[in-house]
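Remarks on the overall topology
Listed here are the chains, written in short residue letters.
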Amino acid sequence: MSNADLFTPLRLGAIELPNRVIMAPMTRSRAGEGNVVTPLTAEYYAQRASAGLIITEATQVSDTAQGYPNTPGIHTDAQTLAWRAVAEAVHAEGGRIAAQLWHVGRISHPVFQPGGALPVAPSAIAAQGELYTGDGMKPFPTPRALETNEIPGLVKAFADAAKRAVFDAGLDGVEIHGANGYLIDQFLRDRSNKRTDRYGGSVENRARFLLEIVDAVTTAVGANRVGVRLSPTGTFNDMADSDPLALYSHVVQALNPFGLAFLHVIEGQPGHHMAPPEGAPHVAAELRRLYKGPFIINGGYTKEQAEAAITAGAADAVSFGEPFISNPDLPERFRAGAELTPPDRSTYYGGDAKGYTDYPALETVDA
Ligand SMILES: Cc1cc2nc3c(=O)[nH]c(=O)nc-3n(C[C@H](O)[C@H](O)[C@H](O)COP(=O)(O)O)c2cc1C
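So, a few notes on the structure that sits alongside this text.

Definitions and cut-offs
Each chain carries its own residue numbering, running from 1 in the written order of its sequence. The predicted origin of the model limits local features to residues at a pLDDT of at least 70 and limits the giving and counting of side-chain atom pairs to 80 or more, whereas totals for whole chains, interfaces and linings rest on all residues. With hydrogens and water stripped out, all remaining heavy atoms of the structure feed into the side-chain values. For the purposes of this entry, the term helix denotes a DSSP run of H or I that reaches at least four residues, the term strand denotes a run of E that reaches at least two, and both are numbered from the N terminus. Restricting the calculation to C-alpha atoms gives the radius of gyration, and the globule rule supplies 2.2 Å times the number of residues raised to the power 0.38. Exposure categories follow from relative accessible area, calculated using a 1.4 Å probe and restricted to protein chains: below 20% of the type maximum is buried, above 50% is exposed, and the middle band is partly exposed. Contacts between residues were defined by any pair of non-hydrogen atoms, one from each residue, lying within 4.5 Å. All accessible-area figures derive from a Shrake-Rupley calculation using a 1.4 Å probe, and residue coverage is judged against the displayed protein chains alone. All tallies of charge rest on Lys and Arg as positive and Asp and Glu as negative; His and the ends of each chain are not included. Charge coordinates come from a single atom per side chain, which is NZ of Lys, CZ of Arg, CG of Asp or CD of Glu. Criterion for a salt bridge: a side-chain nitrogen of Lys or Arg within 4 Å of a carboxyl oxygen of Asp or Glu. In this description, a line fitted to the C-alpha atoms serves as the axis of each element, helices being fitted only across the stretch in contact, and the angle between N-to-C directions of two axes falls anywhere from 0 to 180 degrees. Our angle categories are set so that under 35 degrees counts as roughly parallel, over 145 as roughly antiparallel, 65 to 115 as roughly perpendicular, and the remainder as oblique. Crossing chirality is assigned from the near helix's rotation relative to the far helix, an anticlockwise turn below a right angle marking it left-handed and a clockwise turn marking it right-handed. Pairing of aromatic rings covers Phe, Tyr and the six-membered ring of Trp, with a centre-to-centre limit of 6.5 Å; geometry is then stacked below 30 degrees between planes, edge-to-face above 60, and tilted otherwise. Pairs of N or O atoms within 3.5 Å make up the polar contacts considered here, provided that, within protein, one atom can donate a hydrogen while the other can accept it, and that residues adjacent in sequence are counted only when both atoms are side-chain atoms. One heavy atom within 4 Å of a molecule or strand makes the whole residue count as near it. Residues are sorted three ways: Asp, Glu, Lys and Arg are charged, Ala, Val, Leu, Ile, Met, Phe, Trp, Tyr, Cys and Pro are nonpolar, and all the rest, Gly among them, are polar.

**Overview of the overall build of the chain**
What the chain contains, in helices and strands, is eleven helices and 14 strands. Taken against the 2.2 N^0.38 rule, which gives 21 Å for 367 residues, the C-alpha radius of gyration of the chain at 19 Å falls within 12% of a compact globule. C-alpha atoms of the chain, sized along the principal axes, occupy 60 × 45 × 40 Å. In the chain, which comprises 367 residues, the share counted as buried stands at 57%. Pairs at least 24 residues apart make up 71% of the contacts formed inside the chain by residues separated by at least 6 positions. Counting every atom, the chain has about 14,000 Å² of accessible surface; 53% of that belongs to carbon and sulfur. Of the side chains in the chain, 30 bear a positive and 41 a negative charge, and the two mean positions are spaced by 4 Å.

Following this line, the structure appears as structure tokens:
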């Protein structure tokens, strides 16, 4: 049990949060030419600066990391400079912001790859389903399995992106995207990882890629500015594992010695689309018990459920995705017990200010 509530300040490593209402990372596909974020994105995040911490939309660490149209990167100088303007806008409003670093692995298509190459993945296994390419829906291609000697280059891409985010762009930290069926998650879980080298097979081997990235990123920018996101029971992007509890128990215990700023776990509330599938184990409570640092939970939480989770000690903070899209002042609305504006799903991905920066804050609602 804990006496804390959603408005009790919290320290995540080097980052001091005035509240525990965290903005979950959300892809909005509004980057411009060269996957550079625009001033509109700076405005969008600055509007949400009252979040305890903003975690940005997933951001590419290299030119092979992309799988959707208009998602931003942080591997070129132009991209980094544009993120600097975002960080400055959020800081000017008194906020805190960490970049979510991703590589999509097999959740891509040659149209997003340099030279039209195949996407890379732990194993040459296509995800079931289709992806949006900007030119209609296409089946996921069968990716090319990475050679063992290519892995250090990918690990380094995460560390370089982290340095750009923290030292060049001035963000407060980074979150390593180990969730939702993207490259790191593809290594972790045995439905997508059939490797026979030291990155496949046993739980220890499948966790190795993530742990090497964590080691490199924490060495690069300091563990107190680094978080990790995991989705142990998520099925998005055709994911599954034969024994999530064994796998993720190992992962979080191996993360303990790094002393990270936070661990961010997705396990949906009952009925939420990110809840564990029917009959599958729920693992978040056990991971909370095993993990020794700050723990953020996510997945369809209401204010009341979030408060209950914090009071029960099930998490130190809760992140909110969709509610933050349509309520830029979500912490204030929670505090005031105000009604929430429902989001317009048709404007989630792509487009301009509509459904992005035009949701009102409370005072303008009342005016
Ligand atoms: C439009 C949209 C984009 C998302 N993009 C990302 C992303 O880039 N990275 C990520 O880890 N999760 C992403 N998610 C998942 C959210 O971070 C969150 O886990 C999910 O929405 C459940 O939380 P909620 O019920 O509070 O929205 C996205 C969700 C939405 C709705």
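**Brief notes about the pattern of salt bridges**
Tallied over the full model, the rule gives 15 salt bridges. In this structure, R11 engages E16 in a salt bridge whose closest nitrogen and oxygen atoms are separated by 3.3 Å. For E16, a relative accessible area of 48% gives the class partly exposed. A salt bridge links E150 to R144; the nearest nitrogen and oxygen atoms lie 2.9 Å apart.

**Quick notes on the environment of I184**
When you line up the elements, I184 lands in helix α4 (residues 183–188). Note: C-alpha distance between I184 and Q128 (56 residues apart in sequence) is 18 Å. Discounting residues that sit within four places of it in the chain, I184 has contacts with F158, I176, H177, G178, F209, L210 and I213.

**A few points about the packing of helix α1 (residues 39–47) against helix α2 (residues 77–92)**
Running from N to C, α1 and α2 cross one another at 30°; their axes reach a closest spacing of 8 Å. Between α1 and α2, the interaxial angle falls into the category roughly parallel. Taken as a pair, α1 and α2 cross one another with a handedness that is right-handed. Of α2, the residues touching α1 (which contributes T41, A42, Y45 and A46) are W83, A85, V86, A89 and V90.

**What about the packing of aromatic side chains?**
Counted by the stated rule, this structure contains ten aromatic pairs. The interplanar angle of 40° and the centroid separation of 6.5 Å between the aromatic rings of Y45 and W83 together place this pair among those described as tilted. Separated by 38 residues along the polypeptide, Y45 in helix α1 and W83 in helix α2 bring together distant segments of the chain. Each member of the pair Y45 and W83 is classed as buried. An aromatic cluster is present here, built from Y44, Y45, W83 and Y356 joined pairwise through their rings.

**Let's talk about the side chain of D172**
Along the chain, D172 turns up in the loop between α3 (151–168) and β10 (173–178). Buried and unpaired, D172 has no salt bridge, with R225 as the nearest side chain of opposite charge at 4.8 Å. For D172, the side chain forms a polar contact with the side chain of H91, separated by 2.8 Å. Apart from residues lying up to four places away in sequence, D172 is in contact with I15, H91, G95, R96, I97 and R225.

**Section: the site of the ligand**
Neighbouring residues of the ligand: 20 residues in total, closest T27, R229, N298, G300 and G321. Between the ligand and P25, the relevant distance is 2.8 Å, taken from an oxygen atom to a main-chain nitrogen or oxygen of the residue. At 3.1 Å, a side-chain N or O of H177 approaches an oxygen atom of the ligand. Its free accessible area being 610 Å², the ligand has 92% of it covered by the protein chains. Grouping the constituent residues of the shell around the ligand by class yields nine nonpolar, nine polar and two charged.

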